[in-house]
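Topology and contacts: notes
Chain residues, written in single-letter form:
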Amino acid sequence: LFGIDPVYGAGKERYFTCDMLNWSVSPSGTSFACTTSSASPQFPLGGKTQDFDSKWKRGVRIGAQERFNYDGWDLKFQFTFYRAHLAKEVTRELNQAIVPLKGSVVVTTVERADSSYFIDFYNYDLELGRKTDFTPAISFRPFIGIKRGDLKQTQESCYLGGSLGDNSFYRVKESSDYWGMGAKGGIETWWQLGNNWYIDALVSNTFLYGSADIKYREQRSSSSGDVIDIETKDRRITPVTHWRLGLGWGNRFLNVRVAYEGSYWWQHNQMMRMYECRNLRYEGRGDSLSLQGVTFSTSILF
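Residues numbered from 1 in each chain as written. Predicted model: local features only at pLDDT ≥ 70, side-chain atom pairs only at ≥ 80, totals over all residues. Heavy atoms only, no water.

**As for unusual backbone geometry**
The residue Asn 196 is not glycine, and still its phi comes out positive at about 70°. Among the residues examined, Asn 196 registers a relative accessible area of 17% and is labelled buried. In this structure, Gln 267 is a non-glycine residue whose phi angle is positive, near 60°. Here Gln 267 is to be found in strand E13 (residues 254-269). (Buried < 20%, exposed > 50% of the residue type's maximum accessible area, 1.4 Å probe, protein only. Helix = DSSP H or I, 4+ residues; strand = E, 2+ residues; numbered from the N terminus.)

This is how it looks when you write it as structure tokens:
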């Protein structure tokens, strides 16, 4: 009805895929300060928390896919790399106070607070799927597979002046180096529009068993070394949800698509929260992480 299948042709075929990512990262649990409307804040404390603004950063995803002669089965591999750096600074204004939200040092207010967040994201996906034509215009591809994810996150916050004293500071550095592997499953669908145009969508879920090396450091200008320098390891099973909705055009040899997609990594921001440095009271965090944005994809027969 619509000519050559824009996703698959006929017989055994191999495709090379290259996706350009324009995504933003939204970590939770990264608020580093609170700005109040009073220069002398008192309890109950009211104000606005300061967190990072979303920024679009580029990444890349490359892969290969082979369609077998037998019954529409295919094997697909993809590697994704994404890196982002977020930063924000707040300075006390007139009739305003800045209250730190990181660290164990009891500080009433500071003159300035700044924080930086870094993430290196590596993702590997291997899928076995089978394309099925539900109607001449609608196709589905259920798949199962294996995912490996590596996430390296760091947040460094610094507070200066105020009740710390002139030219004094304290700095908090948190990091989480995570890797995990697990089984995934999902479904992909294509809705043909005619003249080789189509709409496609995807949803998948993964359960990763992984380990995170977590480090926490706290420094003060009044100390010659670190006030706190500890590390721990956390192992847990966590889910990952991925989705995509796109518009594309293709024939047997070339396929192009623009899509909006995202991934939600449940409880993968596993940094440490320190309450009291003298008695070393802390707890592990389980905040989540989301990546989303526009993806431009190209697939070429080779």
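From this point, the narrative continues.
**Let's talk about the nonpolar core**
Core analysis: the largest hydrophobic core is formed by 33 residues, its most contacted members being Val 25, Tyr 117 and Trp 265. Where this core is concerned, the elements lending two or more residues are strand E1 (13-27), strand E5 (73-91), strand E7 (112-130), strand E9 (138-160), strand E10 (169-194), strand E11 (197-220), strand E12 (226-250) and strand E16 (287-301). Apart from residues no more than four positions distant in its own chain, Trp 265 is found in contact with Phe 121, Asn 123, Lys 147, Gly 149, Leu 151, Leu 208, Pro 239, Val 240, Ser 288, Leu 289 and Leu 291. (Core = buried A, V, L, I, M, F, W, Y, C linked by side-chain atoms within 4.5 Å. Contact = heavy atoms within 4.5 Å.)

**Quick look at the side chain of Thr 80**
Mapped onto the fold, Thr 80 is located in strand E5. Thr 80 gets classed as buried once you look at its relative accessible area, which sits at 3%. With near-sequence residues (within four places) excluded, Thr 80 lies in contact with Leu 21, Val 60, Arg 61, Phe 121, Tyr 122 and Asn 123.

**Some points on the pattern of salt bridges**
Summed over the entire model, instances satisfying the criterion amount to 23 salt bridges. With its nearest N and O atoms 2.8 Å apart, the salt bridge here joins Arg 130 to Asp 71. Highlighted residues: Arg 130 in strand E7 and Asp 71 in the loop between strand E4 (56-67) and E5, separated in sequence by 59 residues. Glu 127 serves as the salt-bridge partner of Lys 184, at 3.1 Å between the closest nitrogen and oxygen. Residue Lys 184 is located in strand E10, and its partner Glu 127 is located in strand E7; the two are separated by 57 residues in the primary sequence. Shared partners join several salt bridges into a network, and the residues in it are Asp 74, Asp 125, Glu 127, Arg 141, Lys 147, Lys 184, Glu 188, Asp 200, Arg 244 and Arg 257. (Salt bridge = Lys/Arg side-chain N within 4 Å of Asp/Glu carboxyl O.)

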